[in-house]
Amino acid sequence: MENDRVDLETLVDMNNPHAIFTEAKRIVTHTHPQFRFDLVERTYEDVRRLFRGDYPGFRACNTKYHDLRHTMLVVLAMMRLLDGAIIEQERFTEKEVNIALVSALMHDTGYIQPNEDTAGTGAKYTLIHIARSIDFMKHYFSEDGYMKHDLPLFTDILNCTGVNTKISEIKFHSRNIELIGKMMGTADLLGQMADRLYLERLIFLYHEFVEGNVPGFVSEIDMLKKTICFYDDTKKRFVTELGSVYKYMIFHFQQRWNIARDLYTEAILSNITYLNFILKDHETDFMDYLRRGGIVQALA
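Residues numbered from 1 in each chain as written. Predicted model: local features only at pLDDT ≥ 70, side-chain atom pairs only at ≥ 80, totals over all residues. Heavy atoms only, no water.

On to helix α6 (residues 129-140), then. Relative to the 16 Å expected for twelve residues at 1.5 Å per residue, α6 spans 16 Å between its end C-alpha atoms, a close match to the ideal helical length. For α6, the complete set of buried residues consists of H129, I130, S133, I134, F136, M137 and Y140. Seen end-on, α6 carries its buried residues on one side only, within an arc spanning 160°. Structural note: α6 exposes D135 and H139 on the side pointing more than 90 degrees away from its buried face. Buried positions along α6 lie against α3 (38-52), α5 (94-106) and α7 (151-159). (Helix = DSSP H or I, 4+ residues; strand = E, 2+ residues; numbered from the N terminus. Expected span 1.5 Å × (residues − 1). Buried < 20%, exposed > 50% of the residue type's maximum accessible area, 1.4 Å probe, protein only. Arc of directions from axis to C-beta. Contact = heavy atoms within 4.5 Å.)

Here you go:
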């Protein structure tokens, strides 16, 4: 296939969590050929159990935007950014790669409800989900001999996913942890906004925001309209608070796929272009133009 016809969906089956995880591990082995995946594989399996409701003490994930799909898209974006940074002569230890991987895998565990919480959905935790995710990670690794001494790092890394977090005010343990934190925040945004189902899934996000008492959104179409401003704000945040680490993405595609393009930027631009088309010409019947994945049709 010609490189100019390749997109993110061509390279990996984005609907298959195991395919994404396998690709993430493949990326790691390029730079760390002897990497031991025991910890990461155990974490991945436990995260899958958590989201499907098989993890002791917790209900299944019932947030349709912040679900396992979103988590895995962020994991893949994170590993691609890290790989691009290493290609550009940044150096990360095996421990730091482990920290990056498990942080991405667990960054939204705070949306999962404990068994005794049967009211509503995990969306009600939207405004505090980062703190809850940090607590889950710290508890999960509290008895792990390899990770238990690094628990404070998770706080700084996961806080970077907050869209209003002043990352410049965080006192990171090291420059590498700062880079990982900024990649975490960047991957969280890239993973969702480059998803081919992003626009359809925004309908889910609106309803999560309603339940979570997130102010500023009055309807589904209002969510779509404000996504244009969110995109503009995100572009600025990539450069300012997130330190332009998005620039590492193209080096991954160049080195690993011989594609001299940033496929994430292209996918996001495609989504925003189509969203502008909907808002300009189809504001009253916008649902008819959100047909990917059968998502909106299923809501009808």
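Having seen the model, we can carry on.
With that out of the way, let us pick up the side chain of H252. Looking at the element boundaries, H252 is found in helix α11 (residues 249-257). The class for H252 is buried, based on a relative accessible area of 0%. Once residues within four sequence positions are removed from consideration, H252 is found in contact with I27, R80, D83, G84, I87 and W257.

Moving on: the packing of α5 against α7. Packing of α5 against α7 brings their axes to within 10 Å, and their N-to-C directions diverge by 60°. Considered as vectors, α5 and α7 are oriented oblique to each other. For the pair α5 and α7, the sense of crossing is right-handed. Residue-level inspection shows I99, V102, S103 and M106 of α5 in contact with α7, the latter providing L153, F154, I157 and L158. The residue inventory of the contact of α5 with α7, partitioned by class, reads seven nonpolar, one polar and no charged. (Axes fitted to C-alpha atoms, helices over the stretch in contact; angles between N-to-C directions. Parallel < 35°, antiparallel > 145°, perpendicular 65-115°, else oblique. Left-handed = near helix turned anticlockwise from the far one by under 90°. Nonpolar A, V, L, I, M, F, W, Y, C, P; charged D, E, K, R; others polar.)

As for its position among the elements, H66 is in the loop between α3 and α4 (68-87). At 3.4 Å, the side chain of H66 forms a polar contact with the side chain of Y111. Looking at H66, its side chain comes within polar contact range of the side chain of E208, at 2.8 Å. Apart from the residues within four sequence positions on either side, H66 is in contact with F51, C61, D108, Y111, L205 and E208. (Polar contact = N/O pair within 3.5 Å; in protein donor to acceptor, adjacent residues only side chain to side chain.)

Between helix α2 (residues 17-31) and α11, whose axes approach to 12 Å, the crossing angle comes to 80°. Accordingly, the angle class assigned to the pair α2 and α11 is roughly perpendicular. Across from E23, R26, I27, H30 and T31 in α2, the residues of α11 making contact are H252, R256 and W257. Of the residues in the contact of α2 with α11, the class split is two nonpolar, three polar and three charged.

In this structure, H282 sits in the loop between α12 (263-281) and α13 (295-299). On the accessibility criterion, H282 (15% relative accessible area) is buried. Those residues in contact with H282 that sit more than four places away from it in its chain are F277 and Y289.

The next subject is the packing of aromatic side chains. Two numbers describe a pair of aromatic rings. These are the distance of the centres and the angle of the planes. Here the structure, examined in full by the defined rule, presents 13 aromatic pairs. With centroids separated by 5.9 Å and ring planes inclined at 35°, the aromatic side chains of F238 and Y246 adopt a geometry described as tilted. A relative accessible area of 31% means that Y246 is categorised as partly exposed. Here F253 and Y264 contribute two aromatic rings whose centre-to-centre distance is 6.1 Å and whose plane-to-plane angle is 35°, an arrangement assigned as tilted. One end of the pair, F253, is in helix α11; the other, Y264, is in helix α12, with eleven residues separating them in the sequence. Comparing F253 with Y264, the two get one shared label, buried. Ring pairs connect the aromatic residues Y55, F58, F136, Y140, F141 and F154, which therefore count as one cluster. Directly above the aromatic system of Y125 lies the positively charged group of R132, at a separation of 3.7 Å from the ring centroid. (Phe/Tyr/Trp six-rings, centres within 6.5 Å; stacked < 30°, edge-to-face > 60°. Lys NZ or Arg CZ within 6 Å of the ring centre and 35° of its normal.)

The next point concerns the nonpolar core. In terms of nonpolar packing, the biggest core is built from 103 residues, with M78, M79, F92, F141, M183 and Y264 touching the most fellow members. At 13 residues, the largest contribution of residues to this core is made by α4. What F92 contacts, discounting residues up to four positions off in sequence, is H32, L82, A85, I86, V97, N176, L179, I180 and M183. (Core = buried A, V, L, I, M, F, W, Y, C linked by side-chain atoms within 4.5 Å.)

This next bit is on the pattern of salt bridges. Per the counting criterion, the structure on display carries 19 salt bridges. In this structure, the salt-bridge partner of E90 is R175, at a minimum N-O distance of 2.8 Å. Within this pair, whereas E90 is found in the loop between α4 and α5, its partner R175 is found in helix α8 (residues 175-193), the two being separated by 85 residues in sequence. Take E90: its relative accessible area is 13%, and that puts it in the buried class. (Salt bridge = Lys/Arg side-chain N within 4 Å of Asp/Glu carboxyl O.)

Moving on: helix α10 (residues 220-239). Because an α-helix packs 3.6 residues into every turn, residues spaced three or four apart end up facing the same way. Over its 20 residues, α10 runs 29 Å from end to end, which matches the ideal 28 Å to within 8%, given 1.5 Å per residue. Of all the bends in α10, the greatest measures close to 30° and is centred on T227. Within the span of α10, buried status applies to I221, D222, M223, L224, T227, I228, Y231, T234, R237 and F238. Here the buried face of α10 lies against α8, α9 (198-211) and α12. (Bend = angle between axes of the 7 residues up to and from the residue.)

Nothing here speaks to function; it is all geometry.
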